[in-house]
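Take a look at the letters that make up each chain.
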Amino acid sequence: MTEATPGVRERPLSPHLQVWRWHVTMAGSIAHRGSLMALYVGALILVGWLLALANGPEAYAAYKGLLGSPLGKLVLFGLTFALFFNLSSAVRHMIWDVGKGFRPKFADTLTIASFVFAAVATLAVWLIAASTGAL
Amino acid sequence: MTASASNFRTPMSRARGLGAAKHGVGHFIAERVSGMALIPLALWAAFSGPMLAKGDFADAVLWLAQPLNAVLAGALVVVGFFHLRLTLQVVIEDYIAGFVAKTTLMLLNLFVCVLGAALGVFAILKVALLSGAV
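Every value quoted in this text rests on a predicted model; they were computed, and no experiment measured them. (Residues numbered from 1 in each chain as written. Chains lettered and ligands numbered in written order. Predicted model: local features only at pLDDT ≥ 70, side-chain atom pairs only at ≥ 80, totals over all residues. Heavy atoms only, no water.)

Caption draft 1: Main features of the overall build of chain B. Within chain B one finds 5 helices and 0 strands. Reading chain B from its N terminus to its C terminus gives the helix and strand order α-α-α-α-α. Taking 134 residues into account, the globule formula puts the C-alpha radius of gyration at 14 Å, and chain B, at 20 Å, lies well above it. Along the three orthogonal principal directions, the C-alpha set of chain B runs to about 65 × 25 × 25 Å. For chain B, the residues scored as buried account for 37% of the 134 residues in total. Restricting the contact set of chain B to residue pairs at least 6 apart, pairs at least 24 apart contribute 70%. Accessible area of chain B: about 7900 Å², with a carbon and sulfur share of 76%. Within chain B, one finds 9 positive and 5 negative side-chain charges whose respective centroids are separated by 17 Å. (Helix = DSSP H or I, 4+ residues; strand = E, 2+ residues; numbered from the N terminus. Rg over C-alpha atoms; globule rule 2.2 N^0.38 Å. Buried < 20%, exposed > 50% of the residue type's maximum accessible area, 1.4 Å probe, protein only. Contact = heavy atoms within 4.5 Å. Areas by Shrake-Rupley, 256 points an atom, 1.4 Å probe, with all protein chains shown as cover. Lys, Arg positive; Asp, Glu negative; His and termini not counted. Charge placed at Lys NZ, Arg CZ, Asp CG, Glu CD.)

Caption draft 2: Spatial organisation of helix α3 (residues 57-65) of chain B. Along α3(B), the positions that sit buried rather than exposed are F57(B), A60(B), V61(B), W63(B) and L64(B). Seen along its axis, α3(B) keeps its buried residues to an arc of 160°; they face one direction. Each element contacted by the buried residues of α3(B) is listed here: α1 (24-55) and α2 (57-68) of chain A together with α2 (24-54), α4 (67-95) and α5 (99-130) of chain B. (Arc of directions from axis to C-beta.)

Put into structure tokens, the structure is as follows:
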């Protein structure tokens, strides 16, 4: 296939990670993608839980034991954070999608707020779980 | 075909001169709207999790057998996998350039999400509708 099409020049590629100074909206964007991929695994864990429940008491007890193990709790803790961060990021992007909030200072504050919300909500859920004796 | 920057458009697309396939906006909107629907569903799930962790098998069955919980769980699974499929597709399109690798991952993404939603809905219906027999 020839490249001799008249009028078509090499298009510039967008600059990638390494040419940018690290900033909070970039961290927010990367964490948003990371949380999405974590939640993909989380959705499969949820389906596993439903299947175990549909299977019967033995399968359910085994699956619950797996989720309740130290490693299982660590994964669920991470997934709780991923869920709340994905949620707050979705709201952040809704604000940007309607064309508002692009002043750098406000965008930075909004991104920090979505991290803070995720951290606080995650701790709240796990503290409630601990106080009701669910852990 | 080399993977140079000007090659993102196929020769056919250049010859037609019609621009993009015009599927992007529908994808974008479906992603945002399913994301909005997932906000209350995710909060409900986060609220229900600790309660289910505290109880045993019988408690979980009783919980899922309640119509409201069964319907919300079904909506969470279906809308959740719909949303995950759309959002992961964008990640694949962004990072995987090779045609075979990209197509394989896109199809795998589709199949995993459809199968996940189907298994989830089946499990919910089985528990919700047959729990009287347990």
